[in-house]
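Architecture at a glance
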Amino acid sequence: MPALNIEYTEHELAAIREAAAADGKSVKAYVHDLSVREQQRRVFVSHAVAFWNEHRDEFDRAFPEDAPAA
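Residues numbered from 1 in each chain as written. Predicted model: local features only at pLDDT ≥ 70, side-chain atom pairs only at ≥ 80, totals over all residues. Heavy atoms only, no water.

Turning to helix H1 (residues 10-22), a few remarks are in order. Taking 1.5 Å per residue, 13 residues should reach 18 Å; H1 reaches 18 Å between its end C-alpha atoms and fits that length. Residues of H1 that are buried include every one of Leu-13, Ile-16 and Ala-20, and no others. Here the buried residues of H1 occupy an arc of 60 degrees about the axis, which is enough to place them on one side. Of the exposed residues in H1, the ones pointing more than 90 degrees away from its buried face are Glu-10, His-11, Glu-18, Ala-21 and Ala-22. The first or second residue beyond H1 is Gly-24, which carries a positive phi of 70 degrees. (Helix = DSSP H or I, 4+ residues; strand = E, 2+ residues; numbered from the N terminus. Expected span 1.5 Å × (residues − 1). Buried < 20%, exposed > 50% of the residue type's maximum accessible area, 1.4 Å probe, protein only. Arc of directions from axis to C-beta.)

So, in structure tokens, the structure goes:
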């Protein structure tokens, strides 16, 4: 399986170890899960923005009192 070597300062690594312990995970599992969640979040936001842009006029017609001023 592909892997990465990531360098952290002592302070950064201490904070990551603390966060991983609070989640009950190893540092490796914590950093893996965090990076995967961040990528999933970015994809979700990208799709949400696209949906909003595609349906903005529809929302403005349905809720004219909330539509931005021209």
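Still more ground to cover, so stick around.
Taken as a whole and assessed by the stated rule, the structure comprises 3 salt bridges. Here Arg-41 makes a salt bridge to Glu-38, at a shortest N to O gap of 2.9 Å. With Arg-41 and Glu-38 both in helix H2 (residues 27-62), this residue pair falls 3 residues apart, about one helical turn. The shortest N-O distance in the salt bridge between Arg-42 and Glu-38 comes to 2.9 Å. Linking Arg-42 with Glu-38, this pair stays in helix H2, spanning 4 residues, or about one helical turn. Overlapping salt bridges bring together Glu-38, Arg-41 and Arg-42 as one network. (Salt bridge = Lys/Arg side-chain N within 4 Å of Asp/Glu carboxyl O.)

Quick look at the layout of surface pockets now. In this structure, the largest pocket spans a volume of roughly 440 Å³. What lines the largest pocket is Met-1, Pro-2, Ala-3, Leu-4, Asn-5, Ile-6, Tyr-8, Val-27, Lys-28, Val-31, His-32 and Ser-35. When the residues that make up the lining of the largest pocket are grouped by side-chain class, the tally is 8 nonpolar, 3 polar and 1 charged. (1 Å grid on protein atoms, 1.4 Å probe; cavity = no way out; pocket = protein on both sides within 12 Å on 5 of 7 lines; lining within 4 Å. Points joined across faces, edges and corners; volume = space filled by probe spheres on them. Nonpolar A, V, L, I, M, F, W, Y, C, P; charged D, E, K, R; others polar.)

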